[in-house]
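# Observations on the model geometry
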Amino acid sequence: MADQTKTQAAWADMVDALGQVSERFCGEEWGVSGEQDIADSHRLVLHILQSALFAHAEFDPERPVWRRIVSPTRKFTGDNADAVYFEAPVRSDLIYRVSGNLVGAVYTSFTVELGTSEGRYATGTGGVLNDDDIDVDADGNYEVFLGGEPRDRNWLDLPPDAGRITTRHYFEVPKPSAADESLHIPLAIECLSPVGPATLWNDETVAAAIGRVSNHVLGKTLQQPIPGTYPLPSWVSREPNVLPDPQPPGTMGFAAFDAYYTMGRYVLAPDEALVMTGRWPECKFGNVCLWTAAGQTYDYGNRTTSRNRANTTLEADGTFKMVIAHEDPGVYNWLDTEGRPSGSIFWRFFLPTGSVERIEPKLVKLADLQ
């Protein structure tokens, strides 16, 4: 048999990695069992692979291009029905200019992801710049610079292990913005540093692209800790139908410095509902989403599986009651479980200006809802 080319060897490694992911990450080693969970975990892997092929196979920090990270048909890492995210590759020795427009987003930010070269999973957050820190003209246009000498405004440093920029564009409108095909977010990035001619595609560069695909898939699957083997953040509850006090996430990868999070898990019998009472804080953005055990949002494009302040009906005193149930109970603020007996509940509050009150869940019988 003739010697393999680098491309063939990288391809064989990728196919082997996908087989291991199916067997281990989508199996008992990662606590996956039962027909629905096995299906969900494989769907997650398909979406991660789609992301790897769409964005990371041809990432080039010398000629960066923005790629949308998640969508209604590409979901992972706890996506959001009310947000659009983009990513672009960067390198710490280069300087970049980003231009864009807010287009009515209530929150826009740029985050430096560390350890993310060659398609790898983020190891931490190196800095964040939100629209409060950006000079924006009367029409919503802005410019942001990345790397190089420090600037007083509109600038983010690129530490030595910076590999990617993540953007967040959050909208509080009745329809989930992530499912709005008419929504266009103007965004461009260009490298201002001198670079050489583009590398030709050959055995070595195609093999490297395949390697980035493998890195991306493995980084989001087998290279993650096995559930139950690591401590959860204090804002995540292990007890079902309980939500901890909302708290900032710190510098964990893919988190936002300026957010408060709280997360828990609902567990409902067919005749039960979970009523969550609370008050929206004064903040730039707030919403709640339901996720599968695989960290994918429910079908927000066709069902009401998330809510923000624009589509929440409040009580006379300004509080809300949100109801998680398997069927429409005929009350305000229903969240559809898709018939799933359990799932995750994730709340986000961005740039709160005062206290962020605890959300109080209560398990009730459907028949007792009022």
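Residues numbered from 1 in each chain as written. Predicted model: local features only at pLDDT ≥ 70, side-chain atom pairs only at ≥ 80, totals over all residues. Heavy atoms only, no water.

### Some words on the nonpolar core
Core analysis: the largest hydrophobic core is formed by 41 residues, its most contacted members being Phe25, Tyr170 and Phe350. Among the elements of the structure, α1 (6–25), α2 (35–56), β2 (83–89), α3 (203–219), β10 (259–267), β12 (285–291) and β16 (342–350) are those that each provide at least two residues to this core. The contacts of Tyr170, once residues within four sequence positions are left out, are Asn80, Asp82, Ala83, Tyr85, Ala105, Val106, Tyr107, Phe285, Arg348 and Phe350. Residues Val84, Ala105, Phe110 and Leu158 belong to the second largest nonpolar core, which totals 27 residues. (Core = buried A, V, L, I, M, F, W, Y, C linked by side-chain atoms within 4.5 Å. Buried < 20%, exposed > 50% of the residue type's maximum accessible area, 1.4 Å probe, protein only. Helix = DSSP H or I, 4+ residues; strand = E, 2+ residues; numbered from the N terminus. Contact = heavy atoms within 4.5 Å.)

### Considerations on the sheet that holds strand β7 (residues 155–156)
Taken together, four strands build an open sheet; the order of strands is β7-β6-β3-β9 and the sheet is mixed. Of all strands in the sheet, those with a lone pairing partner are β7 and β9 (187–191), marking the two edges. Bridge count between strand β3 (residues 96–101) and β9: five bridges; the pairing is antiparallel. Residue pairing across strands places Gly100 opposite Leu187, the latter belonging to β9. (Pairing = 2+ DSSP bridges.)

### Here's the deal with the pairing of strand β8 (residues 162–170)
Across the nine residues of β8, nine count as buried, placing the element largely inside the fold. With seven bridges joining them, β2 and β8 adopt antiparallel strand pairing. Considered in β8, the bridge of Ala88 is made with Ile165. Here strand β4 (residues 107–114) pairs with β8 via eight bridges, running antiparallel. Bridging across to β8, Glu113 finds its partner in Arg164.

### Quick look at α2
With 22 residues, α2 should reach 32 Å at 1.5 Å per residue; the first-to-last C-alpha distance of 31 Å fits that figure. For α2, the full list of buried residues reads Asp40, Ser41, Leu44, Val45, His47, Ile48, Leu49, Ser51, Ala52, Ala55 and His56. Here the buried face of α2 lies against α1, β1 (67–68), β2, β8 and α3. (Expected span 1.5 Å × (residues − 1).)

Everything listed here is a matter of coordinates, which is why it stays silent on function.
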